[in-house]
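For reference, the chains in residue letters:
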Amino acid sequence: MNHHIHHEHTHHEDQQMSASHHEHEGMIGDFKKRFLVSLMLTIPILLLSKMIQEWSGINISFPYDDVVLLLLSTIVYFYGGWPFLKGSLDEMKQKNPGMMMLIALAISVAYFYSVGIILGLGEGHDFFWELATLIDIMLLGHWIEMKSIMGASNALQELVKLLPSIAHRIDDEKIEDIAVSELQTGDVILIKPGEQVPVDGKIIKGATTVDESMLTGESLPIEKKMDDNVIAGSINQEGSLTVETKNTGESTYLSKVIELVSEAQASKSKTQNLANRAAKILFYVAVFAGVLTFIIWLALGYPLSIAIERMVTVMVISCPHALGLAAPLVVSVSTALSAKKGLLIRNRTQFEEARKLDAIIFDKTGTLTQGNFGVTDLMPVDEISSNELLRLAAGVERSSQHPLAKGVVKRAEELQLSLPSIEDFMSITGVGLEGKVEGTLIRVVSPRYIRQEKITVDELAFEKLSEEGKTVIFVLKNKQLLGMIALADLVREEAKETVTALKNKGINSIMLTGDNKKVAHWVAKQLGIDEVHAEVLPDDKSRQVKNIQLEGRKVAMVGDGINDAPALAQADVGIAIGSGTDVAVETADIVLVRSNPKDVLSILELSRSTYNKMIQNLWWAAGYNVITIPLAAGVLAPYGVILSPAIGAVLMSLSTVIVAVNARTLKI
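Remember, it's a predicted structure, so these values are computed and weren't measured experimentally.

Basis of the calculations
- Residues numbered from 1 in each chain as written.
- Predicted model: local features only at pLDDT ≥ 70, side-chain atom pairs only at ≥ 80, totals over all residues.
- Heavy atoms only, no water.
- Phe/Tyr/Trp six-rings, centres within 6.5 Å; stacked < 30°, edge-to-face > 60°.
- Helix = DSSP H or I, 4+ residues; strand = E, 2+ residues; numbered from the N terminus.
- Buried < 20%, exposed > 50% of the residue type's maximum accessible area, 1.4 Å probe, protein only.
- Arc of directions from axis to C-beta.
- Contact = heavy atoms within 4.5 Å.
- Polar contact = N/O pair within 3.5 Å; in protein donor to acceptor, adjacent residues only side chain to side chain.
- Axes fitted to C-alpha atoms, helices over the stretch in contact; angles between N-to-C directions.
- Parallel < 35°, antiparallel > 145°, perpendicular 65-115°, else oblique.
- Left-handed = near helix turned anticlockwise from the far one by under 90°.
- Nonpolar A, V, L, I, M, F, W, Y, C, P; charged D, E, K, R; others polar.
- UniProt positions renumbered as here; feature names shortened; annotations may be inferred.
- Patch = residues over 30% accessible without salt bridge, like charges linked within 9 Å, V, L, I, M, F, W, Y side chains within 5 Å.
- Areas by Shrake-Rupley, 256 points an atom, 1.4 Å probe, with all protein chains shown as cover.
- Salt bridge = Lys/Arg side-chain N within 4 Å of Asp/Glu carboxyl O.
- Pairing = 2+ DSSP bridges.

(A) Representation of the packing of aromatic side chains. With the rule as written, the count across this model stands at 10 aromatic pairs. Ring geometry for Y113 and F127: centres 5.5 Å apart, planes at 55°, overall tilted. You can see Y113 sitting in helix α5 (residues 99-118) and its partner F127 sitting in the loop between α5 and α6 (128-148), a full 14 residues away along the chain. Judged by its relative accessible area of 10%, Y113 falls in the buried class.

In structure tokens form, the structure reads like this:
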């Protein structure tokens, strides 16, 4: 019964996640549609506007032209302005005025004043053209902005996708394929070579090696035998396994990771962007300046209609078109620039925060290292040469898919050694490989086999290699030792350069890994990293990030595995290596498409210059108000200088052009 409820529950969660994703896409489409419709209607509104006609010398008039103007403007106000009117109600409920209330104030004052003018309730010009252009530009700004901010809801969907949907259940010697969601604790399942483990469980028959690197960060495949545990989402490499199910559904390790990701994402700071803070101030300024203007003009003995016109002019001019575009334009330019640099920005707020970073945490496997094993040392015994040792080992290893085997073969190919043919190849699980090469039995084995068979090796050399975190394999001819080959996950050259460059910028590099301390410190030494956290359990990674944040440091996390997803979500800025898992990529704020850690430097530079451009643009946009509000209020009226709405519009357009041109000059 419980099981059925659980299945319904996860299904419901899946539906919720995909619903929120579609909702986000729907909102982008909605802004686009409203913008295009409003833009089409703005053209006749401009042509019919008396102020624009006086200004341009064009004269278009026909019976009831003012009624047509009123109808078109009403559509633009209610249809185009709806997101802002609705948004302003939300801001009002939260008692937190921002961009939405500022826009709603300007368009509502312009609309209702203009309706009054058309209905003959007062003297003066209507503001319909101002209303329409303001709505167009604000819709355009919001549409650009929403397109560049991608929802992070996909991360959890990607994690759910990782689990296989079918399991092979063994029932009375019969094997049946059933949905993983139908598995119950205690069920016995078969996992074939190359398949993903569908649930957490205990091996009751079989032995194999399992790749858990995506989940735990452990770079080497792990040997598993009877009574060992396997975790959902890991990959069974060699043998067939019979497994008794322990945890299903929400209690599996992977589901706990999913939960951690969603928690960390939910608690991420929703910093209000700068334009919104500027809008909040301007909203109060607009209301205060408008009311003050109205009172002063009335007090000076002017008729009510003139006092209202001045107040409306001030309130409409207070909402600078340029403010709506100041940030989105810079965002779209920096997004295009970053794409050229191989950076995919998914979360703008966090990207802009990158300029403040003072610590960057790197996951080791696949980020600082290549994630592939390479030969580091060849130690032949007696007469045999290094190349001959490698040639014989590669001859046997060529028939295996093991990462260590691939490393040996790759090195032999680099040295252009001609590999011998092999007969009677055999993989001995947990021990190594053997086969007949040129008539002689060659074995490539693990230290465990050497210990079992009590074969004498150079213990000092073996210890030294192990201390450096290298994996050592032994090559035997019959029972005689030919030599040792050491392999390690090779350090990326560009990772070294990145760490040095960050050091020069005063940013601390930290290494975080599930691998053992010896391996971690050996890699860190090669890279020049001083701070190392090794043997970190996957669900501990996000806690480690939190601890570093508690020291008051601004932290970025660079990683590529499922096990990095919660840490990426917890960090101030999450950066995923593009070649990593979909989950890491979906959880991150920024994705390095080229999988090059050096691109972290580009993020820091671009973040800094993007932020500076935004500040410049906001000054231009809001600075326009500093000049126009007093002029619109009539500060210079005693000297015969009054800012007519038409001149206000010219200045407004000028400020919009400056902001647009300034955004385009962004470079890194």
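Okay, back to it.
(B) Expanded view of helix α18 (residues 459-467). When we look at burial in α18, the residues that qualify are A461, F462, L465 and S466. Buried residues of α18 fall within an arc of 135° about the axis and therefore sit on the same side. For α18, exposure combined with an orientation more than 90 degrees from the buried face picks out L460 and K464. Of the surrounding secondary structure, the elements contacted by the buried residues of α18 are β12 (369-380), α17 (447-452), β16 (471-477), β17 (480-491) and α20 (517-527). N-capping of α18 is provided by D458, with a side-chain oxygen placed 3.3 Å from the backbone N of L460. Of the residues one or two after α18, G469 is the one with positive phi, at around 75°.

(C) Quick peek at the packing of helix α3 (residues 65-80) against α5. Following both chains from N to C, one finds α3 and α5 inclined at 160°, their axes separated by 11 Å at the closest point. Considered as vectors, α3 and α5 are oriented roughly antiparallel to each other. Between α3 and α5 lies a crossing whose hand is left-handed. Counted together, D66, L69, L70, S73, T74, Y77 and F78 of α3 and I107, S108, Y111, F112, V115 and I118 of α5 form the full contact between these two elements. Here the contact of α3 with α5 is built from residues that sort into 9 nonpolar, 3 polar and 1 charged.

(D) Highlighting the UniProt feature "transmembrane region" (unreviewed entry) in the protein chain. In the numbering adopted here, UniProt assigns the feature "transmembrane region" (unreviewed entry) to residues 35-52, 67-85, 97-121, 127-144, 281-300, 312-339, 618-636 and 642-663. Between the end C-alpha atoms of residues 35-52 the distance is 22 Å, and the span holds 94% helix and 0% strand.

(E) Focus on the environment of A571. By secondary structure assignment, the location of A571 is in the loop between α22 (565-570) and β21 (573-577). Separated by 221 residues in the primary sequence, A571 and Q350 have C-alpha atoms spaced 9.6 Å apart.

(F) Representation of a nonpolar patch on the surface within the structure. Together, F288, L292, I296, L300, Y302 and I306 make up a nonpolar patch on the protein surface, roughly 580 Å² of accessible area in all. In terms of residues, the nonpolar patch owes the most to one element, helix α10 (residues 274-299), which gives 3 residues. Given a relative accessible area of 37%, L292 falls into the partly exposed group.

(G) Quick peek at the side chain of S114. Tracing the backbone through its elements, the reader meets S114 in helix α5. There is a polar contact of 2.7 Å between the side chain of S114 and the backbone nitrogen of F127. Setting aside residues up to four positions removed in sequence, S114 forms contacts with D126, F127 and F128.

(H) Representation of the sheet that holds strand β1 (residues 166-171) within the structure. Strand order in the open sheet formed by 6 strands is β2-β1-β3-β9-β4-β7, and the pairing between neighbours is antiparallel. This sheet does not close on itself; its edge strands, each paired only once, are β2 (174-179) and β7 (229-230).

(I) Broad picture of unusual backbone geometry. Positive phi values are uncommon outside glycine, yet Y64 reaches one of about 60°. Examined against the element boundaries, Y64 turns out to sit in the loop between α2 (50-56) and α3. Taking the relative accessible area as the measure of exposure, Y64 reaches 65% and is therefore exposed.

(J) Quick peek at the sheet that holds strand β6 (residues 222-224). Here we have 3 strands laid out as an open sheet, ordered β6-β5-β8, and antiparallel in their pairing. Looking at which strands have only one partner, the edges of the open sheet turn out to be β6 and β8 (235-236). In this sheet, β8 lies alongside strand β5 (residues 208-211) in antiparallel orientation, the contact comprising 2 bridges. Each bridged residue has a counterpart across the sheet, and for D211 the counterpart in β8 is I235.

(K) Inspection of the pattern of salt bridges at higher detail. Under the counting rule described, the total for this entry stands at 25 salt bridges. One salt bridge connects R448 with E223, and the closest N-O pair in it is separated by 2.8 Å. Here R448 is found in helix α17, whereas its partner E223 is found in strand β6, with 225 residues between them in sequence. Among the residues examined, R448 registers a relative accessible area of 44% and is labelled partly exposed. A salt bridge links D564 to K541; the nearest nitrogen and oxygen atoms lie 2.8 Å apart. With D564 in the loop between β20 (555-559) and α22 and K541 in helix α21 (residues 538-550), this residue pair connects regions lying 23 residues apart in the sequence.

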